[in-house]
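Residue strings, one per chain:
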Amino acid sequence: MRTKRSLVGLCAALAMGAVLLATGTAHAVPASHGTSSGRIMTMPAAPKTARPAALLAVAPSTSPAVRTAYAGAGGGVYCQSGYFCASAWDPTAGKFKIFFFYSCNRYTLSNWTDWAEAQNSQTGGAVASLYGSGGGLLQTVPADNAVYAVNWSPVYSIRNC
């Protein structure tokens, strides 16, 4: 019986490894949605509190989910026209996780802390709004392609349009 359990565990571990190898890393250049104009968003220095990930560290995420990419401190990411792009420090990867918001929606944020950046490359003057825990407006980001420093700790949701 012990051999049978070990064999089942080995098969499950091999299958999980194959899935992890097949997923790969996200690319920093988004797929085309309209015009090709946009701007490079350069990541800031890692947060002062950044250190090797603890076992219980959790990656930042959104609901609903959006396309993401990673960039190290000082790395650049292209924020294509039509997108609101935002970065948050990911302690599980030791890099900035960049979120590409395209569809007009209100997105709930999870595990976004510290300072990072946002860039609004949307068209038609779409203003992105950042909201706190009680739903109150904290900050807006105009569609001017400028890169803004944002303290994500008090932000609980984003409306990109």
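Here the structure is a predicted model, which is why all the values come from computation and not from measurement.

Participant: How would you sum up the sheet that holds strand S3 (residues 67-71)? Please name residues and give values.
Facilitator: As summarised here, the arrangement of the 5 strands in space is S3-S6-S5-S8-S11, forming an open sheet in which the pairing is antiparallel. Of all the strands in the sheet, just S3 and strand S11 (147-151) have a single pairing partner and so form its edges. Averaged over all pairs of adjacent strands, the angle between strand axes in this sheet comes to 25 degrees, irrespective of strand direction. Inspection of the sheet shows strand S8 (residues 115-120) paired to S11 by 5 bridges, in the antiparallel sense. Within the sheet, the bridge partner assigned to Ala118 lies in S11 and is Tyr148.

Participant: Kindly report on the state of the cysteines, identifying the contributing residues and their values.
Facilitator: Taken as a whole, this structure holds 2 disulfides when the rule is applied. The disulfide that involves Cys79 links it to Cys85, with 2.1 Å between the sulfurs. Disulfide Cys79 to Cys85: torsion about the S-S bond roughly 95 degrees, handedness right-handed. What makes Cys79 buried here is its relative accessible area of 0%. One disulfide in the model links Cys104 with Cys161; its S-S distance is 1.6 Å. What sets the handedness of the Cys104 and Cys161 disulfide is the S-S torsion sign, and at about 65 degrees it is right-handed. Within this pair, whereas Cys104 is found in the loop between strand S6 (95-101) and strand S7 (106-110), its partner Cys161 is found in the segment after strand S12 (157-159), the two being separated by 57 residues in sequence. Sequence-ordered numbering of the bonded cysteines in the chain gives a pairing of 1-2, 3-4.

Participant: Describe the nonpolar core, and please don't skip the residues or the numbers.
Facilitator: Core analysis: the largest hydrophobic core is formed by 30 residues, its most contacted members being Phe84, Ile98, Phe101, Trp112, Trp152 and Ile158. Among the secondary structure elements, those contributing two or more residues to this core are S3, strand S4 (76-80), strand S5 (84-90), S6, S7, S8 and strand S9 (128-131). Contacts of Ile158, omitting those with residues within four sequence positions, involve Phe84, Phe101, Asn105, Arg106, Tyr107, Leu109, Trp112, Ser129, Leu130 and Trp152.

Participant: Describe in detail the packing of aromatic side chains, supporting the description with residues and values.
Facilitator: Per the stated rule, a full pass over the model turns up 8 aromatic pairs. Ring geometry for Trp89 against Phe96: centres 5.0 Å apart, planes inclined by 80 degrees, an arrangement best described as edge-to-face. Accessibility expressed as a relative area gives 9% for Trp89, which makes it buried. Here the aromatic residues Phe84, Phe99, Phe101, Tyr107, Trp112 and Trp152 are joined through ring pairs into a cluster of three or more. Residue placement shows Arg106 over the ring face of Tyr131; its charged tip is 3.7 Å from the ring centre.

What counts, and where the lines are drawn
- Along every chain, residues carry numbers that run from 1 in the direction the sequence is written.
- In keeping with the predicted nature of the model, local features appear solely for residues at pLDDT of at least 70, side-chain atom pairs appear and are counted solely at 80 or more, and the whole-chain, interface and lining totals rest on all residues.
- The basis for every side-chain value is the complete set of non-hydrogen atoms in the structure, without hydrogens or water.
- Strand pairing is assigned whenever DSSP identifies at least 2 bridges connecting the two strands.
- Only runs of H or I of at least four residues qualify as helices and only runs of E of at least two qualify as strands under DSSP, and these elements are numbered from the N terminus.
- Between N-to-C directions, angles span 0 to 180 degrees; the directions come from axes that are lines fitted to C-alpha atoms, helices contributing only their stretch in contact.
- For this text, the term disulfide refers to a pair of cysteine sulfurs within 2.5 Å.
- Accessibility here uses a 1.4 Å probe with only protein chains present; expressed as a share of the type maximum, an area under 20% marks a residue as buried, one over 50% as exposed, and anything in between as partly exposed.
- Think of a nonpolar core as a cluster: buried Ala, Val, Leu, Ile, Met, Phe, Trp, Tyr and Cys residues, connected wherever their side-chain atoms sit within 4.5 Å.
- By definition, residues are in contact when any of their heavy atoms lie within 4.5 Å.
- Each Phe, Tyr or Trp ring (for Trp, its six-membered ring) is paired with any other whose centre lies within 6.5 Å, and the angle between the two planes then decides the class: stacked below 30 degrees, edge-to-face above 60, tilted in between.
- Charge over a ring is defined by NZ of Lys or CZ of Arg lying within 6 Å of the ring centre and within 35 degrees of the ring normal.

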